[in-house]
Amino acid sequence: MQESQATGTQTRHPIVVPSRTDDLLRGLTEPVGGPLGKYTSPGATNSGFFTVERVLILMAAVSALIAVMSKSHCRTVGWTTPDQQSTTCWSVFPNSFVDDKLGTLAPFFSQGSPFDHPVLAGWIAWITVWMTGSAGDGALRQLAFFDLNAALIAVAWIATVVVVARTAGRRIWDAAIVAASPVLILLAYVSWDFWAAALVGAGIYLFARKQILWAGAFLGVAVQAAPYPIFIALALVFLGIRTGHVAKMLQMVAAAVIAWLLVLAPIMAGNPEAYGHYLTSLWAAEPTESSIYGGINLIAGRMGWPSLDLAATNTIAGILLVVLVVGLVTLAIFAPQTPRVSQLAFVAAAGFMVLNKGAEPWHAVWLIPLLALAMPRWRPVLLWQAAIITHFIALMLFRSKELGDISNQHAIDTPYFLIAAIIGAVATWIMVGLVVRDIFAPEYDVVRRGGVEDPQGGVLAAARDESAAVLEFSLEARPEAAVGAGVKIETETEAEPETRLPTGFPTHSVERSGQ
C-alpha cells in the first residue's frame, strides 16, 4: 500500500488508527491494501460526507438491520414454542405481550398484571402497546409490538455508538466495537436490557464531561432497567474516595436516587403494591439455568445430589455480591495507579452479570459499551463475544429440548448446555482478568499506552497519582525499560495520525509540523 504524506502545519486532534494499532485489524486489512500508512494524516483534507462518526452510524444502522433479519423466521411464522427456541429467534417482547397480557393490562398499574420485568421496561412496554393499538389484539399486534420495540432499541443502539465515540476521546474508532458487535446483532432485540446499557453509556459520557448531576440522573434511571448500575455508582464513589472527590461522588449518588424515585413515583402513587410484588418476585425467583446456582442444580439433578434451595441460593449470591464490592474497593483504593472509570465500571458490571442468580447470556449487552472503553482490543473482544453467542444458542437449544418434544438435531441435552454456559462464564472472567491486569500493569493498557490518562475521568482526572507521572518519566528516560515491560515505543514518524474530531470532543489540540 502506497503511503501518502500530509504537508503543511495544522492544528488537529490525534486519532488512534485501528488498522495500525490493533494486531487483528492490521492483518484483516491486508486484502484491501493493508493498514493506513504511517505518513498519512486522515482528516487533514475534507473527508466529505463520510466523517468517522457518520461511518460509525452507518455501521450501527446496518448491524441493526441484520439483527432484525436474524429474527425473520419468527416474524414470519410467529413466536411459538419450541420453534422459537430451536431457531434462536426467541425474544422477550412478543412473549411478554402474550404472557403478561399487555393488550389489556398495563404493567405496574393494572391490578393483577403479571409483568415481572424492571420498571423502565414496564414504562416502555406500556408506551409501545399504546402506540400499536390500531393493530388489533392478535398476532398482527404482537408483531407490531416486537417491531416497534426493536426499532426503538435500534435508535438507542445508534445513539450509544455516537456516545461511546465521543466518550472515547482520541480513540473514536473504538466505538466500532459497539457498532458492529456480533453479540448485539444476535441479542439486542432479545430483551429490554439494552436500555440499561444505553443509559449507562450516556451517564459515563456525562461523567467524562464533568456533568456530575446529570451523570447520576442517567445512572439512576438505568437502575430501573437493570440492577448493575448500582455497582457502577459504588465503583465511582470508591474512585472518589481515592482521588479526594468523595463529596462530588455523593452528589452524583443523590442525583441518581432522585432520578430513580422520579421514575418510580407514578407507580407508587397509582399502585404501590405492584412494585412490592416485583421486589418480592425477584427475591422468590428460582435461579436461571445460566447462573452459577442454576448450573449447580442442573448438575445435582443429573447426579442425584441435593440441589441448592432458594434460601441457600439467595444467601450465596448475596455473599458473592458483597465480595464483588470488596474487590471493587480493593481495585479502586489499592491499585498502584488509579483505575480508569470505564475499567472499574466494566469489572463491576461483568461481576454482577456472572454472580447474580438471574444471569442470562443476553445480559452481555450491558458490557459491550463498557468494554469498548475499558479494553478496546478486537481479538479478545471478538473471542469473548463468540463464547457468549455459543452460550445463547446452547440455551435456546436446551430450552427447546425441555419445553417441547422435538428431534435431537434441533435440541441439546444438559451436559452440552452446561459446557457452553461454563465457556461463556469463563470467557467473561477472563475479560475481567485482562482488565484487572491492565489496571495493575498500565503498560498493557492500550488507552494509557497511547498517552491518555483517562478520557472518562471527568472531575477525577485532575487527581492523577504520582505513580502515573513516575511511570511516564521512567518510560521516557529509559525507553529500554519500557521495551522490557512490553510497551511499544513509537518514533515521531510512527506516531498516531492526527485529524479533527467532531465538535464537542473533550480532547486537547496538538500542533505538529507536516513531514
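If you're wondering where the values come from, they're calculated on a predicted model, not measured in any experiment.

Reading the values: the criteria
Residues numbered from 1 in each chain as written. Predicted model: local features only at pLDDT ≥ 70, side-chain atom pairs only at ≥ 80, totals over all residues. Heavy atoms only, no water. Helix = DSSP H or I, 4+ residues; strand = E, 2+ residues; numbered from the N terminus. Salt bridge = Lys/Arg side-chain N within 4 Å of Asp/Glu carboxyl O. Buried < 20%, exposed > 50% of the residue type's maximum accessible area, 1.4 Å probe, protein only. Expected span 1.5 Å × (residues − 1). Contact = heavy atoms within 4.5 Å.

**Q** How would you summarise unusual backbone geometry if you had to cite specific residues and measurements?
**A** Note on backbone geometry: most residues besides glycine have negative phi, and most peptide bonds are trans. Note that the residue after threonine 81, namely proline 82, is joined by a cis bond; omega there is 5°. Positive phi, normally seen in glycine, also occurs at lysine 101, with a value near 55°. Topologically, lysine 101 is positioned in the loop between α6 (92-99) and α7 (119-131). Within the chain, lysine 210 stands out as a residue other than glycine whose phi angle is a positive 65°. As for its position among the elements, lysine 210 is in the loop between α11 (194-208) and α12 (212-223).

**Q** Provide a residue-level description of the pattern of salt bridges, including the pertinent values.
**A** Per the counting criterion, the structure on display carries 10 salt bridges. Glutamate 360 is the salt-bridge partner of arginine 399, the closest N and O atoms lying 3.5 Å from each other. One end of the pair, arginine 399, is in helix α20 (residues 378-403); the other, glutamate 360, is in the loop between α18 (341-355) and α19 (367-374), and 39 residues separate them in sequence. You can call glutamate 360 buried: its relative accessible area is 10%. The salt bridge partner of arginine 448 is glutamate 453, with a shortest N-O separation of 3.0 Å. By the burial criterion, arginine 448 is buried, and glutamate 453 matches it. Salt bridges here are not isolated pairs; linked through shared partners, they connect Glu289, Glu360 and Arg399.

**Q** Lay out α7 in plain terms, naming residues and giving numbers.
**A** In a regular helix each residue adds 1.5 Å, so 13 residues correspond to 18 Å; α7 covers 19 Å between its end C-alpha atoms and thus fits that length. What α7 keeps buried is the set Val119, Leu120, Ala121, Gly122, Ile124, Ala125, Thr128 and Val129. Next to the buried residues of α7 lie α6, α8 (139-167), α11, α12, α14 (246-270) and α15 (272-284).

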